Structures are given as C-alpha cells and as structure tokens.
Amino acid sequence: MNIWQIISQIFPYAIILTMPLLITALGGLFSERSGVVNIGLEGLMVVGFFASAIVVKGLENIFPTAAIPIGLLAGVVAGALFSLLHAFASINLNANQIISGTAINMMAGALTVYLARTITGSGNIAIRIGVIRHTIPVLSKIPIIGPLFFTQTYWTTWIILLIVLVSWFLLYKTSFGLRLRACGEHPSSAASSGVNVYKMRYIGVMISGAFAGLGGSLILVTYSGEFNGTVAGLGFLSLAALIFGQWKPLGVLGATFFFGFAMTIANVSQVVPELAVIPPLILKVFPYVVTLLALVLFSKSSQAPKAVGQPYYPGQG
Amino acid sequence: MKQKNNALVIAVSAVVLGLLAGAILMALIGSNPFEGYTYLFKGGLMSVERIGNSIATAITLILTGLSVAFAFKTGLFNIGAAGQMLIGGLCATMVALTVTAPRPILLLLILLAGFAGGAVWGAIPGYLKARFNVHEVVATIMMNWIAYWIVYYVVPAYFKGAYLETESRLIPVEASLKTSWLDSLFNGSYINIGIFVAILAVIIIQIILKKTTLGFELKAVGYNRDAAEYAGIKVNRNVILSMVIAGSLAGLAGATFYTGYASNIQIGVMPNQGFDGIAVALLGATEPWGVFVSALFFGLLHSGKGFMNAMTSIPPEISDTIIATIIYFTATSVLIGRVWSFLAKKRKRKEQEKVIDQTPTDASLEEDK
Amino acid sequence: MEYVVEMLNIRKEFPGVVANDNVTLQVKPQEIHALLGENGAGKSTLMSILFGLYHADKGSVKVKGKEVNITDPNIANELGIGMVHQHFQLVHNFTVTENIIMGNEGGFVLNVKSASRKIQELSERYKLSIDPNAKIEDISVGMQQRVEILKMLYRDADVLIFDEPTAVLTPQEIHELMGIMKNLVKEGKSIILITHKLKEIKEIAERCTVIRRGKYIGTVDVANTTQQEMASMMVGREVSFKVDKDPGKPEELVLDIKNLTVLNSRKFEALKNFSINVRRGEIVGLAGVEGNGQTELVEAVTGLRDIVSGEITIHGEDITHLSRRKRNELGIAHIPEDRQKHGLVLEFTVGENLILKSYYQEPLSKHGFLNQDKIKEHTERVVEVFDVRSGQGIYSPASGLSGGNQQKAIVGREIDMDPDLLIAVQPTRGLDVGAIEYIHKRLVEQRDNGKAVLLVSLELDEIFNLSDRIVVINSGEMIDVVKTEDTNEDEVGLMMAGIKRGEGR
C-alpha cells in the first residue's frame, strides 16, 4: 500500500477522533478568551457523554430518527448546566480556577457512573445504532478531496465545521467577540467601557460546557457506542490543542486535526504493515510529547489571553 | 492561630457539605442515607482487618497528598502525581522482580527506586517550567499519559504476568512491603510498612517547610517569584527542586501501592490516587498533618464503599462523588467563609442592638468637624 | 444651570475604611476643577462613583441639575461623563479603533472602516493626533493617553475626568496636555482634574476641592490661593517642601558604571553606552521619564539582568559576573520600584520579609536550619528602629500593612544591611506626606553616614530635593550630569526630553 492509500484509509477514522477534540477545544477557547481557565473540559465531556447516552437509549426505540439529534442536544444542555458550577466558583467566588476545574472532572466522573449504575448495574450504557454515514452524491466524485472528505461522512462532522466557521466570525467580526476578548485580555478596560464582565465570562464558560458536552455526545454516536464513564483524557488533550492552536479558531482546527491523525496512526499501526515497524509506544506517546515540545516552542510568544486565570475584582485598574 | 482555626472550619464545613451531598444522592436513588453511611463507615472500621485496610488505602493517599501539598506550598500545581506514581511504581516493581538481596536492603532499594522514578518524572515538568515557563498543569497532564503508555508497553514486554497479559508478574513475598507482624496485628489486611514510610514523610516535610532554609526559599519562590529573585534566591533551581521533591513523594506512593498494597502492577489503569491526592491536599489545607488526617478520612471512605455497596446496592462511586464535592467546597471556601462571617455579623449586630437599647443617648457626643 | 455636575454629601465605605465621608463636589460648566488630595485620600473612589464603577452608600449625584443614579459606566457615558484613567484601560493587542469603539460598537457586526473614519475626524477636530489602525502595544505613552481621551469624545462626553494624567508624561508632554485641556474647555467641555501636583493646579485649574482622609476640607479659588495653603489643606498641617540638609561631602567612588549597554526584554537597547558614578557621602539622582532605561540600569547593577557590554564596578571590583546574592553580600542594597511585586512576599510575615535576603547567614540560620530565636531578636529590632507599624508586630502578614509601613519595612531591611551602595527606586510612590518625609530623612541620613545613594525617581521635586548631583537619562543615553545647585527644573525637563544643555530650545 502506498502513502496515498494509507491516508485515505485512515482519514475517516482520523476525522471521527478529531471532531470531539475540535469542538471541545473550541469550547475551551471561548472560556479562556473570556478570561476563565477551564480544565474541567474532561469532566464536561463525560457529562455530555452520559446525558446523550441516556436520552438516546431512552428514545431510540420510540423515535429512531430523532433519537440522535435529541441526544446530542441533551449533551449540549447537560454540559452547559454542569459548567455553571465552575462558572459560579470561578467568577462569583473568585475561587482558584484550576482547583474548581479539577473538582468538576472528579465530580463528573464519579457522579455519572454512580447514576449509570442505578440504570444498568454495570455502569455502562450502550446504544443500538450511532450516526449513519453517508456518501454525498456529487461532491464525492471530485478527485482527491472527494474520497477524503465527502465519502462515508457523518452529518455531525459538517455541523461541527459550521460551528467553527461561525465561531471565527463571532470572535473577530462582531461586537460580542470584541467584548469577550477584551474580558480575557484586560477585564477592567472592558468594564470601564460598560461591558458586563461577569456576564461575558458566564457566557464563555457556558459555551465551553455546551461544546464539551457536544464533544462527549459525539464520541457516543460516532465511534464508541457505549458510555463507560471516561473519555480517556480527550478533554485534557483538547486543552493542549487549544494551547497548540494559540487560542485561535483556525489554529485549533489545525492542532486538533494533527492530534486526531496522530492518535489514529497510533491506533491502526499494528494493522498497517508500513506503520507496524514503529514501536507502538512511540506512536502512542507522540501526541503528548509533541504537545510538550509545542509548549516549549510557544513559551516565548504565547498568545494566551493576558488576564486568563486571574480573578476579576471590580474597581481594580 | 486565627489562620489555623479558619482552615479547620473550612475543612470541616466542606466535609459536612460533601457528606450532605452524598446523602442527597443516596436518597435520590431510593436508598436510606443513614443506612448508607452506617455501612460505609462500618465497612471501614468494623473489624481490625477493615481498619487495616483503611489505613493501607490511606498510605498511598498520604504520600500523593503530600506531593500535591508540597508543590502547592511552593506555588506549583502538581496534577502529575498519577504519572509519578506509575513511574515510581514501575521502577519499584522492576527492582522487586529482578534484584535479590537480604530483605531489609531489598526493601530499601525498592523504596529508593520508587523515590527516584518519581523524582525524575517530576523533574521534567519542573525543568520545563523553570526554563521555559511552561505551565505545569498541562505539562504534568501530558506526563501522566506518557507514563501510562510506558507502563502499558513495558510491563507486557518484560515483566508479563503468568496468567494475565494486562498485569505484571507477582513480586516475590520477600520483596513485598507487607510484613508478617503487621499482618497478624491487623488480621491479614493490605496494610504494609508503607505506613511508616508515610508517617516519616509527613514529619520530614513538616520540618523542611517550617524549620529549614530550604523550606523558606521554596515558599518564597512559590508565593512571589519576582521578590524571591530580587532577594537573590535562585528561582529556577528551586522550582525544579520543588517538583523533584513532589515527584519523589508520589513515586514513593507508587512504591507503597504496587509493592505493598498490591503485589503487581496493572497496565491500562491511571491510578486515581494521584487525583485523590489533590483532594487530600486541599482538605488538609496543604499542611502536612492536615494531609495525614484527611488521607485517613478518604482512606476510610474508599475502604468502606465495597461493604456499603454489598449491603445496600448503593453504587461505590458515591465515595468518589463525595470526595469530589468536598474539593469543590474547599475551592469555594470563600463562600463558606462569607457565610460564617455573615452569621457572625448577624449575631454581633443583635448583641449591639441589645446594648444600644439599654444605653442612654448622650447628645453632647457630637464630633468636632 | 449653576453646576454641570454635583456630588452631594457622598459617603462610601469599604471593609475597615471610610473612603468618602460626607464629600461634596460641584463643578461649573466649562471650568477646569481640580480635585486635590494625598494618595489614599479618596479622590479615585469619588470619581469611580461618578463614573459608575462604585455605588455610594449615602448622598446624591446631580448632572445638569437633575438627580441621577449612575449604576454602571454605560449610564455615566449616556449622561456625558467620561474618564481618562491613571492606569490606561486599554487592551494592549487591540488597535486604537477597537479600543475606542468597545462597548459602543453601533451594531452586532463590527464596522471598523466607518468607525476609523469617524475617529480620524474627531482626532483632527480636537487636535489629538493618533493612528487609528495601530496596536496599543506599539504606540507611545502620550499617544495612548490621547486614545483614552478620544474614547470619551467618541461617546460625546461633556464632562471629562482626568485621573493623575501627568504621572507618565515628560514635562513637554505635560505642556501639550495642558493645551489640549484648555482647548477642550473652549469647545464646551468641563474637566475634573484629579491630582496631587500643586504646580499643575496653579497652572490650569480655576477652582480646587480638597479632600483629606476621606473628608471634604473645602473648595478654593485657585488664583487666590498659594501652593503652600493648598498643601496644608491637603495634609492638615504646615508642610515644608524642602528637606533640611547640609551640603554633601562626597569622598571616594563606590559605584562606577562605564559605557554600559543593556538589552531590554524586547531585545532593544535599553541602555546605550551609559555611564554614571556615585561616591561615598553623596546622593545622585537619576532623572528621566518612565521607560527610558532606568529599570534596566538598576537591574543590571543588582544582577537581575545581564549586560551586553560595559563595566560595573564597586570599590573598583568588577561585579558583572557576580550572582545577585554575592552582590547583596558585597554591600549593594536596593529599595525596589514596586514594593509589592519585588520588595515583599505579601504572604510572608513582616519578620520573614525582613530576613528575605539574609536568612541563610549565621546567626539567623545554621546548617540549613533556621534559628527562630535569633530571627525574632533581629527582626524586632529592625521593626522598632524603623517604626514599622502593624497589627501583630513581626508576626503580621505583610499584606495587612499600609503602603507606608510596607515601604518602611523594606527601607529598614535594606538600610539595616549597612550597605555601601543604596539604590532607591521610586521610594515614595503612593505614600502619604508623613511617610515621604520619613523616608527622605532616612536617605539623607544614609548619605551623611558616608553611604553612596543612587536615587531613581520620576518626581522631579524629589530629585531636586534630595540629590547632590543629577544625571539625566533619555532613550537609554546619558544626556548630562549637573550639580543640583547649578540647574533648575525647566532645564532638566528639557534634558529629560533629550535636549542637551545649551542646545536650541
């Protein structure tokens, strides 16, 4: 098999892994751009994972076609609601945002399995069918991009990409985006311009909860099929992707694709003879090592929002 | 003194609120909270063996809690205790499986290996932070997963277990930290001499922080890096040193767990104790003796959850949920502080009103402007 | 309408302190009204209430005769009130236009082009030259201030509050600003000028309201009041502006810097071939506008920054390769510019802060273990000698001390080291007059005891008051060095702008 065949074979799998990462990292972007560090993305994904699992399982026999979209919606709502805990602690109480985020992760992991056990005993919730893949009629015939992008795709992928585009526009071309970014760079400046910093930060955190919840739900309906209490570190990886992408939507897009590919290569390496020569350990730790390197490289010119992680006290300035 | 009382009030309030949240959750699924808690605590304390198990669980938590608390005291977030535990545990297991020596020396080597493995694993993010200002939260999380995969591949490759591919060989009895006299004392529980290691660690860390120039420097760097630098303290060296010490403590935790509590190391498991260490440290107000007490409490919760589950069908994850809720409330301790001071003010105002009612007014007390 | 803005009987309390106690301020239309008070007197609090950032506990605010309730800056803006802050409230990586329109964008989708045009028109009308598309982090301090002013004008502000606007400007830029303010008044605006600089009040204000420790003292006609009178209203007693000192008797060289070149954090040359020296028994004042290389100079001497080329010697010994700790031991003491960032560890107690540089030396510690008894002895003595007041003596957390006492603690620690060279950077920033007098006295005392003192300050008054010689720095270059008695503030002001003595005005 040549390189091209390998790529086109693993491309759809890479996309599946990338999409939850992408949407979650995008959520993290909104939160951090507004000034709040949210390392609870992992837990918020689990919450979305769980919520969509129960909803889909409950509806799949009654409303088969509507079950998945409603399930995704449930994940969004659950994530947004759960993130309020972090928002309240970080914004109103000026709690240490790292600790609050860690608490969210732990609570989500424990609480969801606790509730899941009462439903299924084992703590795992399985759904019957996930998102059905389609090949888009005309576009899939285009040479090169056709087989890669438009064959056997998930409709959820296109929604996520749309959200990325809308986010870019929102962040840079609207007054909402201007104000949000100001809250993350210099909140007292925003405040004296009449922006309600508290409100903006709440919105930022809730978007991160909604998007991370969506990310968790995506895992359920695209490649997992079963809730099992954890997202195996994807939430943290999306944080790394956020830093790698330097807090820009397009940067995050690139970074998460990179991670998605790296993880897919690691997963299929045993099956593809050309790749099997690389020791599996190297492939598995590759994304993490690269992240560390990227952090070092970006350390001097980091584009992190200047005031991210710092509690905001009105009147300072 | 006032600060110590404050910390105690916050810790106790957080625990109470956490237990309350747990009670609500139990009720939510139709179980009786009183029953649930009775079995939970009985499960940890009912017999000598069970007490031994609670203590044994606490050993690892004391050490990871110390690791996080020490790093915290010196201004760093060590989210990497899990990875440090894995590497320390791996090194300890490797020594246990390959070295032959008289038992006291073997045990010492095992502990040293755990110490060293964790130290190295902490030094890396420490160096990245000191030299490149890479935030230790993301760095240690990455290190966790790298450690996870290292164990995942190294163990089956070199130390494969006799029965299962997913775990290592059992370590020989002479290499285990379990001892016969502790076993007979506690009726055969998981307890091991790690408890003495843990207590010793608490004492040493306490001394370092309170009485040594090293502790003074580390705290200065942790609280205010700029001022420490201004004062002539070598900041980079201290950041690295701090992470090395934190890492070595977590590495010791790994040694006591994988060659003490357990007798082998399993792959594909990220040790929860690493993250519980954060809870332990926060509840213990990042003070060594606070960590000791809160680790015992958490050890109790973890030990008893199996029994509770067996007797009441309440899922064992309730313990983790309670612990997570407790951390949430310690993070939001400001709220608890505000509630207490609000209540205190209300009480004071009532007393003042009583006094005002009883004092005759003096019109001549006009202030001279 | 008599007054354009009235704040009547305002009271504002924070936990533990009454910031404004029954304060009244009345501003006439098209007047420049000064609000005078020491640091911490309550001026900023009062204006924050007017601007909607705080809410008064008691009292009322009237705008153009009507009583209003200003709950947030948006309402203040709608009423025509705008504020130019002391610490600019600008987002560093946004452009000028983005900063000005923030909060007032005129729609959901941004229209940067039309906004830029409007801003350009405004800047021409009020003669405030700016570049709408430049990023804040790339423009000068003077231009940043003009952006703050334009921000207010963009929102049709009628009442402009200037909070300590001249702190970061050169004397020439201050002149320009005065012109801008007079122009604004001509165009129909009213100005409230918050300041503690009496000279500027005399130059430009019509009336002046004085606040002291949160209380309203009075309102005076500036033309009929002397600086002396205003000062005593501000402080509550007779104030002498001059420090009593004998002429200095400088002896041998202590600090000698020759041709020093240092890069700043952005890799530009902050110091270019700079030379300066200080002798035993003299105070040398380094005068210059903030950001012209003073910080880098001090960092180079104290070891916080590496040098590119040049020589730094103490008593003839080259110190450029010595660690910070070695330089401390050699007898260099440093009162830093930012006491909370560099000078103190706020979470430590007063005692711990006092041993921050010496904890590792005997008898305070031995073999790595601290000797708490000796530490207690030593630190209690310093606290006593230097009059550091705190709730629990050496056990008080440093964060609980007032600014003046924090500074006294730092001064105490540094002077107690018995240094040969004492570097004092902005030693009285943000302090009240009592603390300022105390620290000035101590500095002169050190000089009389045969120490070498290098004073770096942004306040020309302080430089002239204390120094025997003045060195002026601009853009990293040594412009000139003069004896204090041979020059005056105007001359030095020109030098600070880069113009050497004798060159054309």
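Being a predicted model, the structure only gives us computed values, none of them experimental.

Cut-off values and rules
- Residues numbered from 1 in each chain as written.
- Chains lettered and ligands numbered in written order.
- Predicted model: local features only at pLDDT ≥ 70, side-chain atom pairs only at ≥ 80, totals over all residues.
- Helix = DSSP H or I, 4+ residues; strand = E, 2+ residues; numbered from the N terminus.
- Buried ≥ 20, exposed ≤ 12 C-beta atoms within 10 Å, placed from the backbone.
- Contact = placed C-beta atoms within 7 Å.
- Rg over C-alpha atoms; globule rule 2.2 N^0.38 Å.
- Core = buried A, V, L, I, M, F, W, Y, C linked by C-beta atoms within 7 Å.
- Nonpolar A, V, L, I, M, F, W, Y, C, P; charged D, E, K, R; others polar.
- Pairing = 2+ DSSP bridges.
- Axes fitted to C-alpha atoms, helices over the stretch in contact; angles between N-to-C directions.
- Parallel < 35°, antiparallel > 145°, perpendicular 65-115°, else oblique.
- Expected span 1.5 Å × (residues − 1).
- pLDDT = per-residue confidence, 0-100.

1. Brief notes about the overall build of chain B
Step number 1: Helix and strand counts for chain B stand at 15 helices and zero strands.
Step number 2: The dimensions of chain B, computed from C-alpha atoms along their principal axes, are 90 × 60 × 35 Å.
Step number 3: With 369 residues in all, chain B has 57% of them scored as buried.
Step number 4: Looking at chain B alone, contacts between residues at least 24 apart form 79% of all its contacts between residues at least 6 apart.

2. Quick look at the overall build of chain C
Step number 1: What chain C contains, in helices and strands, is 17 helices and 22 strands.
Step number 2: Its C-alpha atoms give chain C a radius of gyration of 25 Å, within 12% of the compact-globule value 23 Å for 505 residues.
Step number 3: For chain C, the spread of C-alpha atoms along the three principal axes comes to 70 × 50 × 50 Å.
Step number 4: In chain C, which comprises 505 residues, the share counted as buried stands at 46%.
Step number 5: Contacts in chain C between residues far apart in sequence, at least 24 positions, make up 67% of those at least 6 positions apart.

3. A look at the nonpolar core
Step number 1: Ile 62 and Ile 327 of chain B together with Leu 421, Ile 423 and Leu 455 of chain C are the most contacted members of the largest nonpolar core, which totals 290 residues.
Step number 2: Dropping the residues within four chain positions of it, Leu 421 of chain C is found in contact with Val 254, Leu 255, Val 278, Ile 314, Gly 331, Ile 332, Ala 333, Ala 452 and Leu 454 of chain C.
Step number 3: Within the second largest apolar cluster, 79 residues are counted, among which are Val 4, Ala 41, Leu 128 and Ile 161 of chain C.

4. Section: the environment of Lys 219 of chain B
All names here are of chain B.
Step number 1: Note on placement: Lys 219 falls in helix 9 (residues 213-223).
Step number 2: The class of Lys 219 is buried, set by 22 C-beta atoms lying within 10 Å.
Step number 3: Distance from Lys 219 to Phe 72, taken between C-alpha atoms, is 9.4 Å for residues 147 residues apart in sequence.

5. Details of the interface of chain B and chain A
Step number 1: Across the contact, 34 residues belong to chain B and 37 residues belong to chain A.
Step number 2: Residues of the side of chain B that touches chain A, tallied by class, amount to 28 nonpolar, four polar and two charged.

6. Let's talk about the sheet that holds strand 14 (residues 309-314) of chain C
Residues and elements named next belong to chain C.
Step number 1: Taken together, four strands build an open sheet; the order of strands is 12-11-14-15 and the sheet is antiparallel. Looking at strand neighbours, the two that pair on one side only are strand 12 (269-279) and strand 15 (317-318), the edges of this open sheet.
Step number 2: Relative to strand 12, strand 11 (residues 253-263) runs antiparallel, the two sharing seven bridges. Among the inter-strand pairings, Ile 257 is bridged to a residue of strand 12, identified as Ile 276.

7. Overview of the sheet that holds strand 22 (residues 477-483) of chain C
Residues and elements named next belong to chain C.
Step number 1: Across the sheet, six strands lie side by side as 16-19-20-13-21-22; this open sheet has mixed pairing. The sheet is open, and its two borders are formed by strand 16 (332-335) and strand 22, each paired with just one other strand. Shown here is a sheet whose adjacent strand axes are inclined to one another by a mean of 20°, direction ignored.
Step number 2: Inspection of the sheet shows strand 13 (residues 282-287) paired to strand 20 (residues 452-457) by six bridges, in the parallel sense.

8. Re unusual backbone geometry
Residue and element names in this part refer to chain C.
Step number 1: Here the bond from Glu 362 into Pro 363 is cis, since omega is 0°, no more than 30 degrees from zero.
Step number 2: Note on placement: Pro 363 falls in the loop between helix 12 (350-354) and strand 17 (365-366).
Step number 3: One non-glycine residue, Asn 259, adopts positive backbone phi at about 50°.
Step number 4: By the C-beta count within 10 Å, which is 13 here, Asn 259 ends up partly exposed.

9. Some points on the interface of chain A and chain C
Step number 1: Each partner contributes residues to the interface: chain A has 20 residues there, and chain C has 23 residues.
Step number 2: Breaking the side of chain A that touches chain C down by element, the ones donating at least two residues are helix 7 (175-185) and helix 8 (187-192) of chain A.
Step number 3: Here the side of chain A that touches chain C is built from residues that sort into six nonpolar, 10 polar and four charged.

10. Description of the pairing of strand 9 (residues 207-212) of chain C
Residue and element names in this part refer to chain C.
Step number 1: The pairing of strand 3 (residues 32-36) with strand 9 spans four bridges and is classified as parallel. Looking across to strand 9, one finds that Ala 34 is bridged to Cys 208.
Step number 2: Summarising the sheet, strand 9 and strand 10 (residues 215-221) pair through six bridges and their orientation is antiparallel. Its bridge partner lying in strand 10, Ile 211 is registered against Tyr 216.
Step number 3: Hairpin connection between strand 9 and strand 10: a loop of two residues separates the two successive antiparallel strands, and Arg 213 in this loop has a positive phi of roughly 50°.

11. A few points about helix 9 (residues 294-302) of chain C
All names here are of chain C.
Step number 1: Of all nine residues that make up helix 9, nine are buried, and the element is covered over most of its length.
Step number 2: Those residues of helix 9 lying buried are Gln 294, Thr 295, Glu 296, Leu 297, Val 298, Glu 299, Ala 300, Val 301 and Thr 302.
Step number 3: Immediately downstream of helix 9, the backbone of Gly 303 shows phi near 95°, a positive value.

12. Quick word on the packing of helix 8 (residues 194-211) of chain B against helix 13 (residues 288-312) of chain B
Residue and element names in this part refer to chain B.
Step number 1: With their axes 8 Å apart at the nearest point, helix 8 and helix 13 run at an angle of 155° to one another. With respect to helix 13, the axis of helix 8 lies roughly antiparallel. Two secondary-structure elements touch here, helix 8 through Val 202, Ile 205 and Gln 206 and helix 13 through Pro 288, Trp 289 and Phe 292.
Step number 2: Taken together, the residues of the contact of helix 8 with helix 13 break down into five nonpolar, one polar and no charged.

13. Points about helix 4 (residues 112-125) of chain C
Counting along an α-helix, one turn takes 3.6 residues, and residues three or four places apart therefore face a common direction.
Step number 1: Under the 1.5 Å per step criterion, the end-to-end length of helix 4 of chain C is 20 Å for 14 residues, consistent within 8% with the ideal 20 Å.
Step number 2: Backbone geometry just downstream of helix 4 of chain C places Lys 127 of chain C in the positive-phi region, at approximately 60°.

14. Digging into the pairing of strand 4 (residues 58-63) of chain C
All names here are of chain C.
Step number 1: In this structure, strand 1 (residues 5-14) lies alongside strand 4, joined through five bridges in antiparallel fashion. Note on strand 4: the bridge partner recorded for Leu 8 is Ser 60.
Step number 2: The sheet contact formed by strand 4 and strand 5 (residues 66-68) spans three bridges and is antiparallel. In the sheet register, Val 63 faces strand 5, and the bridge partner there is Lys 66.

15. Details of the confidence of the model for chain B
Step number 1: Mean pLDDT for chain B: 85, with 91% of residues reaching 70 or above.
Step number 2: The low-confidence segment residues 358-369 of chain B, where pLDDT is below 50, has zero contacts with residues more than four positions distant or belonging to other chains.

16. A short note on the packing of helix 14 (residues 403-416) of chain C against helix 15 (residues 433-448) of chain C
Residue and element names in this part refer to chain C.
Step number 1: Where helix 14 meets helix 15, the axes come as close as 10 Å, and the angle between the chain directions of the two elements is 10°. Relative to helix 15, helix 14 is oriented roughly parallel. Residue-level inspection shows Gly 404, Gln 407, Lys 408, Val 411 and Ile 415 of helix 14 in contact with helix 15, the latter providing Ala 435, Ile 439, Arg 442 and Gln 446.
Step number 2: In terms of residue class, the contact of helix 14 with helix 15 is made up of four nonpolar, three polar and two charged.

17. Points about the confidence of the model for chain C
Step number 1: Taken as a whole, chain C shows an average pLDDT of 87; of its residues, 97% reach a score of 70 or greater.
Step number 2: Here the predicted complex scores 0.84 on pTM and 0.85 on ipTM.

18. Topic: the environment of Gln 310 of chain A
Step number 1: Position of Gln 310 of chain A relative to the elements: it lies in the segment after helix 13 (280-298).
Step number 2: Residues Gln 310 of chain A and Met 263 of chain A, spaced 47 residues apart in sequence, show a C-alpha to C-alpha distance of 33 Å.

19. A short note on the environment of Glu 317 of chain C
Step number 1: Tracing the chain through its elements places Glu 317 of chain C in strand 15.
Step number 2: Assessed through the 9 C-beta atoms surrounding it within 10 Å, Glu 317 of chain C is described here as exposed.

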